[in-house]
Amino acid sequence: MSIRSLLSGETLGFGAAPVGNMFRPVPEEDAAATIRAAWDNGIRYYDTAPIYGAGLSEIRLGEVLSRYERSEYVLSTKVGRVIEYETDQPADPDERGGIFAHGRPNRVRNDYGYDGTMRSIEQSLHRLGTDRIDIAWVHDISPDFYGDDWLDAFAAARTGAFRALTSLREQGVVDAWGIGVNTVEPCELTLGLDEHTPDAFLLAGRYTLFDHSYALQRLLPRCAERDVELVVGGPFNSGVLAGGKHFEYQEASQRVLDDVDRLRKIAERHGTDIRAAALRFPLAHPAVAATIPGMSRPERVSQNLELSRTPVPTEFWRQLRDEELVDPAAPLPGDI
């Protein structure tokens, strides 16, 4: 199914990792207020995952969204992790440097098998308070999580999660499925399969204003050929393009901060905001259906919506092109 048709033309979604206590505790009332602010401001696409706070993000999202008609919003979550509610072992910080260390104390077990995928969907439906998932992403079958063993995780998903989600799509439990990763290689490999056909990819941090050349060259042309759409996660690259200090889910290096500062100064010279440019850049490519920045405060919602609607001067894009700060083949807003 086309992601664009599911989203009815909406291009800005709500990334719910932060309300799963990503990096820091978010009080219940703040999380609920943020999700309500997204709804009140017209956002109708919400993305979450079991690993976001060991189920916390899904629970918080479900508590708010269950008040509205299910047909009025689009919901995506992820498979590949099963939450163990009862265990004698203490919870460990998650494998990505403990960024969800402030989440629920449940253990998270990696499972890309058929039964594990069915169990993951069942758990997510319960936490989200719904009877269907619009888009299911197979989560993190990539080198950044598994290193040299990532192909083993991919193989398990190929024979398990991919088959389960294809079946659930046929049953109408999910409308669409794909993989949600932070690297390009698993998407390329998935496009080469014959037995399972994804509808889209959720690619975080790899087709952004700051980092896009590899995906542009290796992945997006093939997506266009296969009619597989792209949802861009992390358009601010873990926050560094929005004034934060994180890049790739950890403290940004001085080199990264300096490079971002160069982009920011060019934006200021043209009277624009680097965050507006970061939200607009991915959408210039015809294969990209939406972006989903993370949001953890109500004011962030209104800021992101305002930024997404803010015109970015043609001269700004032209200078980035002239100074080779964007790939020469990258489509730019305004057909620069």
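Here is a short report on the structure shown in this document.

Definitions and cut-offs
- Throughout this description, residue numbers start from 1 for each chain and increase along the sequence as written.
- Selection of residues for local features in this predicted model requires a pLDDT of at least 70, selection of side-chain atom pairs for listing and counting requires 80 or more, and totals for whole chains, interfaces and linings are taken over all residues.
- Water and hydrogen atoms were dropped before computing side-chain values, which therefore reflect all heavy atoms in the structure.
- Classification of ring pairs rests on two measures: the distance between centres of Phe, Tyr or Trp rings, Trp counted by its six-membered ring, which must be within 6.5 Å, and the angle between planes, read as stacked under 30 degrees, edge-to-face over 60 and tilted in between.
- Working definition: helices are DSSP H or I runs of at least four residues, strands are E runs of at least two. Numbering for both runs from the N terminus.
- Using a 1.4 Å probe on the protein chains alone, a residue whose accessible area is under 20% of its type maximum counts as buried, one over 50% counts as exposed, and one in between counts as partly exposed.
- Charge over a ring is defined by NZ of Lys or CZ of Arg lying within 6 Å of the ring centre and within 35 degrees of the ring normal.
- Cavities and pockets are found on a 1 Å grid laid over the protein atoms alone: a cavity is a set of points where a 1.4 Å probe fits but cannot escape, a pocket is an open set with protein on both sides within 12 Å along at least five of seven lines, and a lining residue has an atom within 4 Å of such a point.
- Grid points are joined across faces, edges and corners, and a volume is the space filled by probe spheres set on the points.
- In this classification, the charged set is Asp, Glu, Lys and Arg, the nonpolar set is Ala, Val, Leu, Ile, Met, Phe, Trp, Tyr, Cys and Pro, and all remaining amino acids, among them Gly, are polar.
- One side-chain nitrogen of Lys or Arg within 4 Å of one carboxyl oxygen of Asp or Glu is enough to make a salt bridge.
- Handedness of a crossover is defined as follows: orient the strands so they point away from the viewer, and if the path from the first strand over the helix to the second runs clockwise, the crossover is right-handed.
- Residues count as neighbours in contact if any of their non-hydrogen atoms are within 4.5 Å of one another.
- In these notes, a set of buried Ala, Val, Leu, Ile, Met, Phe, Trp, Tyr and Cys residues joined through side-chain atoms within 4.5 Å is what counts as a nonpolar core.

**Description of the packing of aromatic side chains**
This structure, assessed with the given rule, holds 13 aromatic pairs. Ring geometry for Phe 210 and Phe 247: centres 5.5 Å apart, planes at 80°, overall edge-to-face. Here Phe 210 is found in the loop between β8 (200–204) and α9 (213–218), whereas its partner Phe 247 is found in strand β10 (residues 246–247), with 37 residues between them in sequence. Phe 210 sits in the partly exposed class, given a relative accessible area of 22%. Relative accessible area serves as the criterion here: at 14%, Phe 247 is assigned to the buried category. An aromatic cluster of three or more residues is present, and its members are Phe 14, Trp 39, Tyr 46, Tyr 68 and Tyr 73. The residue whose ring lies beneath Arg 44 is Trp 39, and the NZ or CZ to ring-centre distance is 3.6 Å. Sitting over the ring of Phe 145, Arg 81 keeps its end group 4.9 Å from the ring centre.

**Details of the layout of surface pockets**
Its boundaries defined by the atoms lining it, the largest pocket holds a volume of some 1000 Å³. Along its surface, the largest pocket is lined by 48 residues, and Pro 18, Met 22, Ser 238, Gly 239 and Gly 294 are the ones closest to its centre. Among the elements of the structure, β7 (174–181), β8 and α13 (298–309) are those that each provide at least two residues to the lining of the largest pocket. For the lining of the largest pocket, the element with the highest residue contribution is α13, accounting for 4 residues. Of the residues belonging to the lining of the largest pocket, the class tally is 20 nonpolar, 17 polar and 11 charged.

**Notes on the pattern of salt bridges**
One pass over the structure, following the stated rule, counts 20 salt bridges. In this structure, Arg 127 engages Glu 58 in a salt bridge whose closest nitrogen and oxygen atoms are separated by 2.5 Å. You can see Arg 127 sitting in helix α4 (residues 114–128) and its partner Glu 58 sitting in helix α3 (residues 56–65), a full 69 residues away along the chain. Pair check on accessibility: Arg 127 and Glu 58 agree, each one buried. As a salt-bridge pair, Arg 119 and Glu 122 come within 3.4 Å of each other at their nearest N and O atoms. With Arg 119 and Glu 122 both in helix α4 and 3 residues apart, this pair spans about one turn of that helix. Relative accessible area serves as the criterion here: at 37%, Arg 119 is assigned to the partly exposed category.

**Brief notes about the pairing of strand β3 (residues 74–79)**
Extensive coverage of β3 is indicated by the burial of 6 of its 6 residues. Crossover handedness for the path strand β2 (residues 45–47) to α3 to β3: right-handed.

**Overview of the environment of Ile 83**
Following the sequence through the fold, Ile 83 ends up in strand β4 (residues 81–84). When the C-alpha atoms of Ile 83 and Ser 120 are compared, they prove to be 7.7 Å apart, with 37 residues separating the residues in sequence. Each residue touching Ile 83, except ones within four places of it in the same chain, is listed here: Pro 50, Ala 54, Gly 55, Asn 106, Arg 107, Val 108, Gln 123 and Arg 127.

**Examining the nonpolar core**
Residues Phe 14, Tyr 46, Val 138, Ile 141, Tyr 207 and Leu 219 are the most contacted members of the largest nonpolar core, which totals 84 residues. Looking at this core, the element that brings in the most residues is helix α2 (residues 28–40), giving 6 residues. Residues Val 74, Ala 200, Ala 290 and Ile 292 belong to the second largest nonpolar core, which totals 14 residues.

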